[in-house]
Amino acid sequence: MKKIFLFILSSLLVVCLNAQDLRQVKFFSGSSFSSFSFVTDQGIIIRISDTGGLMEWGMPADNRRYNYIPGMLDPYLGRVDYYGQEYDSSLRGKVRSIGTCSFMYYSKSDATEKAGKIRMIGTAALDYYDSYENTAFRGKLKFAGYQMLTYYSSYENEAFSGKPKIIGTTSLSYYSTFDDKLIKGKIKSIGAYNYTWYTSNSSTGYQGGLKSGAVSQLVNGITYIIL
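Residues numbered from 1 in each chain as written. Predicted model: local features only at pLDDT ≥ 70, side-chain atom pairs only at ≥ 80, totals over all residues. Heavy atoms only, no water.

What is the right way to look at the sheet that holds strand E9 (residues 118-121) in this model?
Two orientations exist for strands paired in a sheet by backbone hydrogen bonds: parallel and antiparallel. Overall, antiparallel pairing links the 11 strands, which are arranged E6-E7-E8-E9-E10-E11-E12-E13-E14-E15-E16 in an open sheet. Looking along the sheet, the strands with just one partner apiece sit at the ends: strand E6 (80-82) and strand E16 (193-194). Pairing of E6 with strand E7 (residues 95-98), which is carried by 3 bridges, proceeds in the antiparallel orientation. The partner of Tyr82 across the bridge, within E7, is Val95. (Pairing = 2+ DSSP bridges. Helix = DSSP H or I, 4+ residues; strand = E, 2+ residues; numbered from the N terminus.)

Spelled out as structure tokens, the structure:
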């Protein structure tokens, strides 16, 4: 009995270790959401949009490289398969697998706002906000594996309406339209980590740039990249 229990426990550990988890969230210019990233059991980075579209994939670049930028990817040279013409029209031509990581998509028989979007990345299930939800986040990613995502609604300040609000257990805040014109909409905090930016009153060459806060910050198991 003890051996059976240990076997089941070890099997669960293997599944957990090989699970595709949400590992990165990337922003452009510290303001515009760029991508959510998953890591496969082969270490491949899979990037998707907040509406469930596959954007890019690759291997993490060596951070010792002289021109390294956080989040940089090197090409993945392994096998990539695609869904053929024999599949549903919502699947044809889409990526079926990258290495050992398989992809499943919502079909045209699913809700309109989900059809064609990624449903599974390996073992990670993805779900989206329904068409009756607030206009600022309907159709956007709601669950990424075990992580739930919420967004600022259309009723909130326009500088951050529709942007990620809570990812898993991490809250995100942004500068509002009441702040300097060059920093409105930019990241203000991620969990307990704060960010400040040079304003329009700062020296030329610095205006709008990051003043304090890490460009790459690990928070609750997810790396946030602010570029």
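Picking up after the structure, the text goes on.
Can you walk me through the sheet that holds strand E4 (residues 54-60) in this structure?
Here 7 strands make up an open sheet; going across it, the order is E5-E4-E3-E2-E1-E20-E19 and the pairing mixed. Whereas interior strands pair on both sides, the edge strands pair on one side only; in this sheet they are strand E5 (73-74) and strand E19 (216-219). Sheet topology note: the strand E2 (residues 32-39)/strand E3 (residues 45-48) ladder contains 4 bridges and is antiparallel. The partner of Phe38 across the bridge, within E3, is Ile46.

Is there a simple way to explain the pattern of salt bridges in this structure?
If the charged atoms of two oppositely charged side chains come close together, the side chains can form a pair. By the definition in use, this model includes 10 salt bridges. Between Asp62 and Arg64 there is a salt bridge; the shortest N-O distance is 3.0 Å. Among the residues examined, Asp62 registers a relative accessible area of 33% and is labelled partly exposed. For Arg64, a relative accessible area of 73% gives the class exposed. Here the salt bridges do not stand alone but share partners, grouping Lys114, Asp127 and Asp130 into one network. (Salt bridge = Lys/Arg side-chain N within 4 Å of Asp/Glu carboxyl O. Buried < 20%, exposed > 50% of the residue type's maximum accessible area, 1.4 Å probe, protein only.)

Could you clarify how one ought to interpret a nonpolar patch on the surface in this entry?
The grouping of Ile69, Val215 and Leu227 at the surface amounts to a nonpolar patch, some 200 Å² of accessible area in total. Within the fold, Leu227 resides in the segment after strand E20 (222-226). Accessibility expressed as a relative area gives 33% for Leu227, which makes it partly exposed. (Patch = residues over 30% accessible without salt bridge, like charges linked within 9 Å, V, L, I, M, F, W, Y side chains within 5 Å. Areas by Shrake-Rupley, 256 points an atom, 1.4 Å probe, with all protein chains shown as cover.)

Bear in mind that shape data such as this cannot, by itself, settle questions of function.
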